[in-house]
Amino acid sequence: MNASRIALVTGANQGLGRALVEGLAARMNPDDLVLLTGRNHQRVRDAAREVTELPGTRARVEGRVLDVSGADAIVRLAEDLRVRFGGVDIVISNAIARLLPEESQAERADEFIDVSNTATHAILRSFTPVLRPGGRLLVVASSLGTLGHLDARLHHLFDGASLNQVEYAVESWRAAIHDRTAREAGWPLWLNVPSKVAQVAAVRAVAAERRENDLADGTLIAAVCPGMVDTATSRPWFSDYGHAQSPARAAEALLDLVFADHVDPALYGELVRFGKALDWYGGTPPVEQDRMLTP
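In this text, all values refer to a predicted model and were calculated from it rather than measured experimentally. (Residues numbered from 1 in each chain as written. Predicted model: local features only at pLDDT ≥ 70, side-chain atom pairs only at ≥ 80, totals over all residues. Heavy atoms only, no water.)

### Notes on the overall build of the chain
Note the following rule: Runs of H or I in DSSP of at least four residues are treated as helices and runs of E of at least two as strands, each being numbered from the N terminus. Our radius of gyration looks at C-alpha atoms and nothing else; its globule reference is 2.2 Å times the residue count to the power 0.38. Exposure categories follow from relative accessible area, calculated using a 1.4 Å probe and restricted to protein chains: below 20% of the type maximum is buried, above 50% is exposed, and the middle band is partly exposed. Each accessible area value is a Shrake-Rupley result obtained with a 1.4 Å probe; residue values ignore everything except the protein chains displayed when judging cover.
Counting its regular elements, the chain contains nine helices and eight strands. Here the chain has a C-alpha radius of gyration of 18 Å; the compact-globule value for 295 residues is 19 Å, and the two agree. Along the first, second and third principal axes, the C-alpha set of the chain runs to 55 × 40 × 35 Å. Relative to its full complement of 295 residues, the chain shows a buried share of 53%. Looking at the chain as shown, the accessible area adds up to about 13,200 Å², and 49% of this sits on carbon and sulfur atoms.

See the structure below:
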């Protein structure tokens, strides 16, 4: 990576995103810059100041307001970083819309899909062209992002798909939710499953096109699963947190991937959990969460 590096984390006001910013700022150099982004100006400003004041912080930390639900804002930020710095070295896409079990999945679908999927597509399209050689672009997903977690009728929409095809599948899913035909077509009620599968499929699509050149110059594009993390977003969904990690602990494996000296070809373009690639075809459709939800 370059001597003076630029890192960007979306969804970084709190939880895992905040921990990733803290870890980057601690591991990077004083002439490097970490951009902490979020939707709320005050929270972004306060978080950047607090990270800057931490004893272990070495790199510069700046707050930047970014609403990832608007693709145009992502495009503008990527262009701004290209103009100002010539590109970016580290991009971690971490934004997610918080959703509670008692809320209607259908009523929240647009916001959830915009933040988790439309934004992922925009980040991949906008930041891969400005990612410097040897850079890292990671999309935070989960182990639910493997194809086997979807009904077999839907596999063809994502397996071997291009980014345009993934985007079309996501919009077809969105339309089916609004038309109330999603369950009939095999889509689960729980938004998180198809959303995560689509995120990983989008990463795989972009990585397939760039693999040879990226591996030649040490660039890594991958989806990452941090494991169970004890955050305000995830806590309502699980009754047993005995194995949950703190955000700081969960960030360590992701940061190790960012700062690895060499890119393992087996991890490139894959969904990576604790340093190992998960089987894209693995998993079974989860039913427990669907049973506890109402449309």
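### What about the packing of helix α1 (residues 15-27) against helix α8 (residues 247-258)?
The condition is simple: Lines are fitted to the C-alpha atoms to define the axes, a helix being fitted only along its stretch in contact, and any angle between axes, read from their N-to-C directions, falls within 0 to 180 degrees. Between 65 and 115 degrees an angle is taken as roughly perpendicular, under 35 as roughly parallel, over 145 as roughly antiparallel, and anywhere else as oblique. Two helices crossing with the near one rotated counterclockwise from the far one by less than a right angle form a left-handed crossing, whereas a clockwise rotation gives a right-handed crossing. Contact definition: two residues touch when any of their heavy atoms are within 4.5 Å.
Where α1 meets α8, the axes come as close as 8 Å, and the angle between the chain directions of the two elements is 50 degrees. Between α1 and α8, the angle is such that the two are oblique. Here α1 and α8 pass one another in a crossing that is right-handed. On the side of α1, the interface is formed by Gly15, Leu16, Ala19, Leu20, Gly23, Leu24 and Arg27, while α8 contributes Pro247, Ala248, Ala250, Ala251, Glu252, Leu254, Leu255, Asp256 and Val258.

### What about the pairing of strand β4 (residues 88-93)?
Looking down a regular strand, the side chains alternate between one sheet face and the other. Applied cut-off: Strands are labelled as partners when DSSP assigns at least two bridges between them.
Most of β4 sits inside the fold, with six of its six residues counted as buried. Where β4 lies against strand β5 (residues 131-140), five bridges are found, and the strand directions are parallel. In the strand pairing of β5, Ile92 is matched with Leu138.

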